[in-house]
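Okay, here's what each chain looks like letter by letter:
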Amino acid sequence: MMWRNIARFSKAAGRTGGSRRCLSTAIPGPCIVHKRGSDILHDPWFNKDTGFPLTERDRLGLRGLLPPRIISFEQQYDRFIESFRSLERNTLGQPDNVVSLAKWRILNRLHDRNETLYYRVLIDNIKDFAPIIYTPTVGLVCQNYSGLYRRPRGMYFSAKDKGEMMSMIYNWPAHQVDMIVITDGSRILGLGDLGVQGIGIPIGKLDMYVAAAGINPQRVLPIMLDVGTNNQKLLQNPLYLGLRQPRLEGDEYLEIIDEFMEAAFTRWPKAVVQFEDFQAKWAFETLDRYRKKFCMFNDDVQGTAGVALAGLLGTVRAQGRPLSDFVNQKIVVVGAGSAGLGVTKTAVQAVARMAGISFAEATKNFYLIDKDGLVTTERSKLDPAVVPFAKNPAEIREGASIVEVVKTVRPHVLLGLSGVGGIFNEEVLKAMRESDSCKPAIFAMSNPTLNAECTAADAFKHAGENIVFGSGSPFENVQLENGNVGHVNQANNMYLFPGIGLGTLLSGARIVTDGMLLAAAECLASYMTDEEVQKGILYPSINNIRHITAEVGAAVLRAAVSDDIVEGHGDVGPRDLSHMSKEETVDYITRNMWFPIYSPLVHEK
Ligand SMILES: NC(=O)c1ccc[n+]([C@@H]2O[C@H](COP(=O)([O-])OP(=O)(O)OC[C@H]3O[C@@H](n4cnc5c(N)ncnc54)[C@H](O)[C@@H]3O)[C@@H](O)[C@H]2O)c1
Ligand SMILES: O=C(O)C[C@H](O)C(=O)O
Ligand SMILES: [Mg+2]
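On a predicted model such as this, the values are computed, not experimentally measured, just so you know. (Residues numbered from 1 in each chain as written. Chains lettered and ligands numbered in written order. Predicted model: local features only at pLDDT ≥ 70, side-chain atom pairs only at ≥ 80, totals over all residues. Heavy atoms only, no water.)

Chemist: Explanation requested: the overall build of the chain in the structure shown.
Modeler: Looking only at helices and strands, the chain has 26 helices and 16 strands in total. Considered along the principal axes of its C-alpha atoms, the chain spans approximately 80 × 55 × 55 Å. Within the span of the chain, comprising 605 residues, buried residues form 60% of the whole. Taking the intrachain contacts of the chain between residues at least 6 apart in sequence as the baseline, contacts between residues at least 24 apart amount to 71%. Surface summary for the chain: the accessible area is close to 24700 Å², and the carbon and sulfur share equals 51%. Of the charged side chains in the chain, 65 are positive and 67 negative; the average position of the first set lies 5 Å away from that of the second. (Helix = DSSP H or I, 4+ residues; strand = E, 2+ residues; numbered from the N terminus. Buried < 20%, exposed > 50% of the residue type's maximum accessible area, 1.4 Å probe, protein only. Contact = heavy atoms within 4.5 Å. Areas by Shrake-Rupley, 256 points an atom, 1.4 Å probe, with all protein chains shown as cover. Lys, Arg positive; Asp, Glu negative; His and termini not counted. Charge placed at Lys NZ, Arg CZ, Asp CG, Glu CD.)

Chemist: Is there a simple way to explain the packing of aromatic side chains in this structure?
Modeler: Where two aromatic rings form a pair, the distance of their centres and the angle of their planes describe that pair. Applying the stated rule across the entire model yields 18 aromatic pairs. Within the aromatic cluster, the residues linked to one another by ring pairs are Phe265, Phe275, Phe278, Tyr290 and Phe294. When the ring centre of Tyr367 is taken as origin, the NZ or CZ atom of Lys391, which lies over that ring, is 4.4 Å away. (Phe/Tyr/Trp six-rings, centres within 6.5 Å; stacked < 30°, edge-to-face > 60°. Lys NZ or Arg CZ within 6 Å of the ring centre and 35° of its normal.)

Chemist: What should I look at first to understand the sheet that holds strand S12 (residues 468–471) in this one?
Modeler: Strand pairing in a sheet relies on backbone hydrogen bonds. The paired strands run either parallel or antiparallel. The mixed open sheet is built from seven strands, whose spatial order is S9-S8-S7-S10-S11-S12-S15. Two strands in the sheet have a free side with no partner beyond their single neighbour: strand S9 (373–374) and strand S15 (488–490). Here S12 runs beside S15; their pairing, made up of three bridges, is parallel. When the bridges of S15 are listed, Ser471 appears paired with Gln490. Relative to the sheet, helix H18 (residues 402–409) contacts strand S7 (331–334), strand S8 (366–370), S9 and strand S10 (413–416), its axis offset from that of S8 by approximately 170°. (Pairing = 2+ DSSP bridges. Axes fitted to C-alpha atoms, helices over the stretch in contact; angles between N-to-C directions.)

Chemist: I would appreciate a short explanation of a negative patch on the surface in the present structure.
Modeler: On the surface, Asp251, Glu252, Glu285 and Asp288 cluster together into a patch of negative charge. Within the residue set of the negative patch, elements represented by two or more residues are helix H13 (250–267) and helix H14 (280–290). (Patch = residues over 30% accessible without salt bridge, like charges linked within 9 Å, V, L, I, M, F, W, Y side chains within 5 Å. Salt bridge = Lys/Arg side-chain N within 4 Å of Asp/Glu carboxyl O.)

Chemist: It is not clear to me how the site of ligand 2 should be interpreted in this structure. Could you clarify?
Modeler: By nearness alone, every residue bordering ligand 2 is listed as Tyr134, Thr135, Arg187, Leu189, Lys205, Glu276, Asp277, Asp299, Asp300, Asn447, Asn492 and Asn493. Lys205 places a side-chain nitrogen or oxygen 3.0 Å from an oxygen atom of ligand 2. The fraction of the free accessible surface of ligand 2 (260 Å²) that becomes covered by protein chains is 92%. In terms of residue class, the shell around ligand 2 is made up of two nonpolar, four polar and six charged. (Near = heavy atom within 4 Å. Polar contact = N/O pair within 3.5 Å; in protein donor to acceptor, adjacent residues only side chain to side chain. Nonpolar A, V, L, I, M, F, W, Y, C, P; charged D, E, K, R; others polar.)

Chemist: Help me understand the pairing of S10, please; the structure alone is not making it clear to me.
Modeler: Looking down a regular strand, the side chains alternate between one sheet face and the other. Judged by which residues are buried, S10 turns out to be covered on both faces: Val413 and Leu415 on one side and Leu414 and Gly416 on the other are all buried. In this structure, S7 lies alongside S10, joined through four bridges in parallel fashion. Directly across from Val332, in S10, lies its bridge partner Leu414. Bridge count between S10 and strand S11 (residues 441–444): four bridges; the pairing is parallel. Counterpart to Leu415 in the pairing with S11 is Phe443. Following the chain from S10 across helix H19 (residues 426–431) to the adjacent parallel S11, one finds a crossover that is right-handed. (Right-handed = clockwise from strand over helix to strand, strands pointing away.)

Chemist: Help me out: how do you make sense of the site of ligand 1 in this one?
Modeler: Neighbouring residues of ligand 1: 27 residues in total, closest Arg187, Ala336, Ser338, Ala491 and Asn493. At a separation of 2.8 Å, an oxygen atom of ligand 1 approaches a polar side-chain atom of Arg187. In isolation ligand 1 has 860 Å² of accessible area, and contact with the protein removes 84% of it. Breaking the shell around ligand 1 down by element, the ones donating at least two residues are helix H15 (299–318) and helix H16 (338–355). For the shell around ligand 1, the per-class residue count stands at 10 nonpolar, 13 polar and four charged. Two domains each put at least three residues into the shell around ligand 1: domain 2 (150–293) and domain 3 (301–490). (Domains from an automatic or database assignment.)

Chemist: Could you clarify how one ought to interpret the domain arrangement of the chain in this entry?
Modeler: Note: interface size is frequently given as the accessible area lost on complex formation between the parts. Partitioning the chain into structural domains gives domain 1 (35–131), domain 2 (150–293), domain 3 (301–490) and domain 4 (493–590). The gap between the C-alpha centroids of domain 1 and domain 2 is 28 Å. Taken together, the contact pairs 12 residues of domain 1 with 12 residues of domain 2. For the pairing of domain 1 and domain 2, the buried interface totals around 1100 Å² over both sides, and the portion due to carbon and sulfur atoms is 58%. On the domain 1 side of the interface with domain 2, the three residues burying the most area are Trp45, Asp112 and Tyr119, jointly 52% of the side's total. Across the domain 1-domain 2 interface, the total number found is two salt bridges. Counting across the interface, domain 1 meets domain 2 through five residue pairs in polar contact (both at pLDDT 80 or more). (Buried area = accessible area lost by both parts, 1.4 Å probe.)

Chemist: What am I meant to see in the coordination of the magnesium ion (ligand 3) here?
Modeler: The expected angle between donors at a tetrahedral four-coordinate metal is 109.5 degrees. At an octahedral six-coordinate metal it is 90 or 180 degrees. Here the magnesium ion (ligand 3) is held by the protein donor atoms Glu276 (OE), Asp277 (OD) and Asp300 (OD), which lie 2.0 to 2.1 Å from it. Between the donor residues of the magnesium ion (ligand 3), the gaps in sequence give the motif E-D-x22-D. You can see Asp277 sitting in the loop between strand S5 (272–275) and H14 and its partner Asp300 sitting in helix H15, a full 23 residues away along the chain. Asp277 gets classed as buried once you look at its relative accessible area, which sits at 2%. For Asp300, a relative accessible area of 6% gives the class buried. (Donors = N, O, S within 2.8 Å, 3.2 Å for Na, K, Ca; no water.)

Chemist: What is the right way to look at the sheet that holds strand S2 (residues 155–158) in this model?
Modeler: Ordered in space as S2-S4-S3-S5-S6, the five strands form an open sheet in which the pairing is parallel. Strands at the two margins of the open sheet, each flanked by one partner only, are S2 and strand S6 (296–298). Averaged over neighbouring strand pairs, the angle between their axes works out to 20° when direction is ignored. Strands in contact with helix H21 (residues 497–507) are strand S3 (179–183), S5 and S6; relative to S5, the strand with the most contacts, it is inclined by about 155°.

Chemist: Quick question: what am I supposed to make of the UniProt feature "binding site: (S)-malate" (unreviewed entry) in the chain here?
Modeler: Here the UniProt-annotated "binding site: (S)-malate" (unreviewed entry) positions come out as Arg187, Asn447 and Asn492. Within the secondary structure layout, Arg187 lies in the loop between S3 and helix H11 (200–213). Under the relative-accessibility criterion, Arg187 is labelled partly exposed at 22%. In contact with Arg187, other than residues within four places in its own chain, are Gly192, Asp277, Phe278, Gln279, Asp300 and Ser338. Along the chain, the position of Asn492 falls in the loop between S15 and H21. Asn492 has contacts with Tyr134, Thr135, Val307, Asn447 and Gly472, leaving out every residue within four places of it along the chain. Within the structure, Asn492 has its side chain in polar contact with the backbone oxygen of Gly472 (distance 2.9 Å). (UniProt positions renumbered as here; feature names shortened; annotations may be inferred.)

Chemist: Teacher, can you tell me more about the pattern of salt bridges here?
Modeler: Proximity of charged atoms lets side chains of opposite charge pair with each other. This model, assessed by the stated rule, comprises 37 salt bridges. Glu56 is the partner of Lys48 in a salt bridge, and the nearest nitrogen-oxygen pair spans 2.7 Å. Here the two residues Lys48 and Glu56 agree in accessibility, since each one is buried. Between Asp436 and Lys330 there is a salt bridge, and its shortest N-O distance comes to 2.4 Å. In this pair, Asp436 sits in the loop between H19 and S11 while Lys330 sits in the loop between H15 and S7, placing the two residues 106 residues apart along the sequence. On the accessibility criterion, Lys330 (16% relative accessible area) is buried. Among the charged side chains, a network of salt bridges with common partners joins Asp370, Lys371, Asp372, Arg379 and Glu398.

In structure tokens form, the structure reads like this:
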């Protein structure tokens, strides 16, 4: 029976089985509701559909508004999974996009109707459902959002709302908000400027916050800042739901974001804000502008950097070399945008720290390639952000192509964050066979699937069966000709952002420091055993996402304590936090994860 899956999951469960507590037997605390009757049935936070017990139907004025039979949570769960599986059967053979959108629709309808059941099926089936509610299908949803739109979710602040945001923020119905994910839609995955349609990304990221970090779904807030779009197709689409104007630039743009940040932190001073999918110039500018003032971080710059660093360190371990050998790895990064630069800077910092050398010296083994080829000091109009990584053209020529760089450098790692699908073509991958590493690594981190620099199958076929492979979007493992399995790692920031957000929230840290981010990356890097890493498995299975998130959250919290910036959370003060052992911190984090079960609803006027 499908429900057995649920019993197998426990928020207190370890990563490798052992004794697991069945939470369906835990007695849930009451939940205060200020509504009655059909208003409750239409509120997905409280709705239990046919699951309302008789006593509750009486107390809340629901009697007669539902069919008489009471269906248990378990039965509701099984019924949903059965309809999902039957949709899978009925769409067999149809184009991938059609199937993916059909799956997204059925999940989205449940999300809109009954959040408790929605999050339960999501948590229990995260491996199957993450690719639908998150990357890659979320990209397709954003592209088609104006047509798919049925009900609002999250909040929209537009350039037309200037001067009104401080009052508008009080339109949000929840008294408490813990996690906010905000985008301006300017760089949605590798799909470019999708304007207001980018709202799907904060929604998907926050679904992962609920599933992975156990943030209460009543306390999450997806935000779309609509400052216009430069996407001509959208501007010409009569059904486009955003402002029909070009994007604001310069001070006009910053004034809108400033106003939103002031409004959000005035109402919820303890919230954590994650910036997501901003085009590079605004990603860096806003990070610089707010990181010392507000409790915020940029996932594409900072979350991605941590996940990539963990992958790079894992690659060294996979070669059977000591971690200290990281300083000798030659790394080619393709893509010098918000993600590529964030990764390169963090990796160079790690080399500098390990080798005890300056940042400038540590750049020696890094090669940065953008749309104009290898970045060297010869380039005219060099972007200040890439200056530290520009090579001497005497070493390799300015603008050298990827294949030229790979052939000349023979790198240990080739990492793509360019957003350009297939750019690691057969020639590039074959050139990686001449790598100086016994186990070269290829990370095709761009999303969604069609934007990946190469597929997993092509990587193992052309670069060799001994490679380590990671991709931003999920691919199936590859059956190799030598009989082994080519393991596919999902090198996606989903392994870190939930823990960064949760650890920050539960510490009550005023800001997110470099120390907290580094602790998150180190935690992920050391999570896998040597045996697993040697098989090329660098990240945990997504089925263990709550466990890794608890560990990362604890590491982040402890780093915040070390940085002396914690203010505590709820009844737990800074002193309590500082006295917690590592295990106690993990336990504290785990206990604070919300888990979807029906709570008795108590009506209050
Ligand atoms: N796996 C993850 O966790 C993760 C995290 C963040 C971003 N990403 C993905 O990374 C990609 C880039 O994101 P970003 O925010 O850095 O975008 P961006 O627009 O800021 O940067 C893209 C960079 O790629 C370069 N580029 C474009 N065409 C190129 C070409 N033909 N050859 C070489 N370089 C080229 C550009 O010059 C630019 O430097 C997106 O697809 C995004 O989905 C993945
Ligand atoms: O959203 C993702 O899957 C990862 C990343 O944040 C991206 O922008 O591609
Ligand atoms: Mg992103």
